[in-house]
Amino acid sequence: MKVVKVYNNSIVLARIHDRHVIVIGTGCGFGKKPGDAVDPTKVDMRFPFTSDELEKLNLGLLEQLDSRDLIAVKTLVNRAEEKLGYTFRPSMLFSLVDHLRNSETRTYPDDEHPFRWIVKKLHPNEYEGAKWMIEELANGPQKMSIPHSEATAIALHMINNQDASTMPQSIDDTMHVLRVVTLVEYKLNRSLDRNSLGYSRFVTHLRFLLNRIAHPDMVQEPENNRLFQVMYEEASPVAREIVESISLYVEESFGQPIGDAERGYLLLHVHTFVDAAK
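About the thresholds
Residues numbered from 1 in each chain as written. Predicted model: local features only at pLDDT ≥ 70, side-chain atom pairs only at ≥ 80, totals over all residues. Heavy atoms only, no water. Helix = DSSP H or I, 4+ residues; strand = E, 2+ residues; numbered from the N terminus. Buried < 20%, exposed > 50% of the residue type's maximum accessible area, 1.4 Å probe, protein only. Contact = heavy atoms within 4.5 Å. Areas by Shrake-Rupley, 256 points an atom, 1.4 Å probe, with all protein chains shown as cover. Salt bridge = Lys/Arg side-chain N within 4 Å of Asp/Glu carboxyl O. Phe/Tyr/Trp six-rings, centres within 6.5 Å; stacked < 30°, edge-to-face > 60°. Lys NZ or Arg CZ within 6 Å of the ring centre and 35° of its normal.

Here the focus is the overall build of the protein chain. What the protein chain contains, in helices and strands, is 11 helices and 4 strands. In the protein chain, which comprises 278 residues, the share counted as buried stands at 48%. A fraction of 71% describes how many contacts in the protein chain between residues 6 or more apart in sequence connect residues 24 or more apart. Carbon and sulfur atoms make up 49% of the accessible area of the protein chain, which amounts to about 14,100 Å² in all.

This is how it looks when you write it as structure tokens:
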């Protein structure tokens, strides 16, 4: 097992024959450079990826993550898989830990999350699993204080990252996500930074949107979305145009319109890209 890249002293991208492996372990990256052998006695966890899988993973996240958080959350992810009866894509761990650490400063009530009612109705097991995980994190070795308001967002990570081999009903939305990204880039006349956290979170949100629309029994979105309507009205013309284009693409592709709450949530992501383009 040879080092490809060192992200910090405890997280390394390595290669074994024709497969890439993300290796986690205290000191496994200390003093290492590309081509060096990884000391197997310092490896606590390893995550193998094919080249295609690695291209979809936001490797930039690894520089900001704590290996202790990864190990603690991975233990809970394993237990969640047992509870839910299916497995998650390995890449979920990294985006989930990033989300959890960023969520410790958020304080909005869970009932204000635009997808809470959808998640509770269509994915009650994942929602309850997310609430369980918050409690376990608070009492775990890392003492992560995650607001209960994050239950919906954590459940979305589970829903978005179901392994297709164990959840055959999950849709292959990669093509649609890439088309939406291309549309945004065309409207902005610039490429999006594939390694940025904003891009990673935007793609995660798009995957949930497409999965939600794929449910034929989807309940209707609540009409009281004044907060999002105000956001939409005050947004820049280019941001509104991009959101309208995304909405039109989704409706033409799936035969189902998206509501004001969804458009407002998309606007939060698009606003970040518009600001970066200035």
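Pairing between side chains of opposite charge can happen when their charged atoms approach one another. One pass over the structure, following the stated rule, counts 9 salt bridges. A salt bridge links K33 to D36, with the shortest nitrogen-to-oxygen separation between them at 3.7 Å. Look at K33 and you get exposed, because its relative accessible area is 52%. Among the ionic pairs, D69 bridges to R101, the shortest N-O distance being 2.7 Å. Of this pair, D69 sits in helix α2 (residues 67–84) while R101 sits in helix α3 (residues 92–103); the two residues are 32 residues apart in sequence, bridging distant segments of the chain. R101 sits in the partly exposed class, given a relative accessible area of 31%.

What follows is about the packing of aromatic side chains. Scanning the entire structure with this criterion turns up 3 aromatic pairs. With a centroid separation of 5.4 Å and an interplanar angle of 70 degrees, the aromatic rings of F47 and F94 are classed as edge-to-face. Taken together, the residues span a long stretch of sequence, with F47 in strand β4 (residues 45–49) and F94 in helix α3 at a distance of 47 residues. The pair F47 / F94 is uniform in exposure class, with both members buried. With 5.5 Å between their ring centres and 85 degrees between their planes, Y86 and F88 make a pair best called edge-to-face. Owing to a relative accessible area of 5%, Y86 belongs among the buried residues under this scheme. Among the residues examined, F88 registers a relative accessible area of 5% and is labelled buried. Residue placement shows K83 over the ring face of W132; its charged tip is 4.9 Å from the ring centre.

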